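Next come the chains, spelled out residue by residue.
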Amino acid sequence: MSTQQKENLKDKKVAFLATDGFEPNELFKPLEALQGQGATCHIVSLKSGNIRAFHGGEWGKAIAVDRIVDEANASDYNALVIPGGVINPDKLRNNAGALRFTKDFFEQKKPVASICHGPQVLISAEVVEGRKMTSFPSIRIDLENAGAIFKDQEVVVDEGLVTSRSPEDLPAFIDKLIEEVAEGKHQEQHA
């Protein structure tokens, strides 16, 4: 991480869109990395209070929600992160407020990063057509059916859109997430 990138993240605000059932490493590790570079991060969720991780068939660590999605605006943030897990994206993609919030980042040409099953939210927000992406293998067909160009790589970056396959890809995902947040808006980012 260059000093310039670290300096660029000091004034950045990043929203993490998540709810109960998120994959813990896919939220906590990028969150810690961004905060470590000086970014301000908010947990945006469907409900107030706390949300809990789910891993290996068990509920895990909780994190406090900073803002509920119906009161959040993409214009208040520089980037969006959508962690995976199986439960988390399934709940988010069925919530109109979460889909509106997600789509607004694309319309405002801001970086969006999603890992594992998280791209299911992007499919439902109708922002994947023509985009180069990756995901957990089980949703590859869903992405392709929604018009995405699937790449089986640890991280895929397409004009501000960062996607990865699984927690094993977190180091590459986090590096590209930090890079894209530092770069800021991408004129080719689109909904």
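Computed from a predicted structure; not experimentally measured. (Residues numbered from 1 in each chain as written. Predicted model: local features only at pLDDT ≥ 70, side-chain atom pairs only at ≥ 80, totals over all residues. Heavy atoms only, no water.)

Peer 1: Just to check I follow, could you spell out the overall build of the protein for this structure?
Peer 2: Regarding its fold elements, the protein presents seven helices and eleven strands. Taken against the 2.2 N^0.38 rule, which gives 16 Å for 191 residues, the C-alpha radius of gyration of the protein at 15 Å falls within 12% of a compact globule. The dimensions of the protein, computed from C-alpha atoms along their principal axes, are 40 × 35 × 30 Å. A burial count over the protein gives 52% of its 191 residues as buried. Counting only contacts in the protein whose residues sit at least 6 apart along the sequence, the fraction spanning at least 24 positions is 67%. Only carbon and sulfur atoms are counted for the fraction: they give 43% of the accessible area of the protein, which is about 8300 Å². Computed over 22 positive and 29 negative side-chain charges, the inter-centroid distance for the protein is 3 Å. (Helix = DSSP H or I, 4+ residues; strand = E, 2+ residues; numbered from the N terminus. Rg over C-alpha atoms; globule rule 2.2 N^0.38 Å. Buried < 20%, exposed > 50% of the residue type's maximum accessible area, 1.4 Å probe, protein only. Contact = heavy atoms within 4.5 Å. Areas by Shrake-Rupley, 256 points an atom, 1.4 Å probe, with all protein chains shown as cover. Lys, Arg positive; Asp, Glu negative; His and termini not counted. Charge placed at Lys NZ, Arg CZ, Asp CG, Glu CD.)

Peer 1: Would you mind going over the side chain of Glu26 with me for this structure?
Peer 2: Note that Glu26 resides in helix H2 (residues 24-36). Here the side chain of Glu26 touches Gly84 through a polar contact of 2.8 Å, landing on its backbone nitrogen. Not counting chain neighbours up to four residues away, the residues in contact with Glu26 comprise Pro83, Gly84, Gly85, Ile115, Cys116, Ser166, Pro167 and Leu170. (Polar contact = N/O pair within 3.5 Å; in protein donor to acceptor, adjacent residues only side chain to side chain.)

Peer 1: Please explain the environment of Asn95 as it appears in this structure.
Peer 2: Within the secondary structure, Asn95 sits in the loop between helix H3 (87-92) and helix H4 (96-107). According to the relative accessible area criterion, Asn95 is partly exposed, its value standing at 21%. Those residues in contact with Asn95 that lie beyond four places of it in its chain are Leu46 and Val69. Within the structure, Asn95 has its side chain in polar contact with the backbone nitrogen of Gly97 (distance 3.0 Å).

Peer 1: Can you walk me through the packing of aromatic side chains in this structure?
Peer 2: By convention here, two paired aromatic rings are described through the distance between centres and the angle between planes. Under the defined criterion, the tally for this structure stands at four aromatic pairs. Ring geometry for Phe54 and Trp59: centres 4.8 Å apart, planes at 65°, overall edge-to-face. By relative accessible area, Phe54 is classed as partly exposed at 24%. We classify Trp59 as partly exposed; its relative accessible area is 43%. Members of the aromatic cluster, connected to one another through ring pairs, are Tyr77, Phe101 and Phe105. The ring centre of Tyr77 lies 5.2 Å from the NZ or CZ of Lys13, which sits over that ring. Seen from the ring of Phe28, Lys61 lies directly overhead, with NZ or CZ sitting 4.4 Å from the centre. (Phe/Tyr/Trp six-rings, centres within 6.5 Å; stacked < 30°, edge-to-face > 60°. Lys NZ or Arg CZ within 6 Å of the ring centre and 35° of its normal.)

Peer 1: Hey, could you run me through unusual backbone geometry in this one?
Peer 2: Peptide bonds are trans in most cases, and residues, glycine excluded, mostly fall at negative phi. The residue Lys109 is not glycine, and still its phi comes out positive at about 60°. Tracing the sequence through the fold places Lys109 in the loop between H4 and strand E7 (112-115). In this structure, Glu126 takes a positive phi of about 60° despite not being glycine. Mapped onto the fold, Glu126 is located in the loop between helix H5 (119-124) and strand E8 (132-133).

Peer 1: Help me understand the sheet that holds strand E1 (residues 13-17) in this model?
Peer 2: Sheet architecture is open: seven strands sit in the order E5-E2-E1-E6-E7-E11-E10, paired in mixed fashion. Unpaired on one side and paired on the other, strand E5 (67-68) and strand E10 (155-158) mark the two borders of the sheet. Pairing between E7 and strand E11 (residues 161-164): four bridges, direction parallel. The residue bridging Ala113 from the neighbouring strand is Val162, located in E11. Across the sheet, H2 lies against E1, strand E2 (40-45), strand E6 (79-82) and E7, angled at about 175° from E1, the strand it touches most. Helix H7 (residues 170-183) rests against E1, E6, E7, E10 and E11 of the sheet, and its axis sits at about 175° to E11. (Pairing = 2+ DSSP bridges. Axes fitted to C-alpha atoms, helices over the stretch in contact; angles between N-to-C directions.)

Peer 1: Could you clarify how one ought to interpret the environment of Trp59 in this entry?
Peer 2: Looking at the secondary structure, you find Trp59 in strand E4 (residues 58-64). Expressed as a C-alpha distance, the spacing of Trp59 and Val157, which sit 98 residues apart in the sequence, is 31 Å. With near-sequence residues (within four places) excluded, Trp59 lies in contact with Asp20, Gly21, Arg52, Ala53, Phe54 and Ile87.

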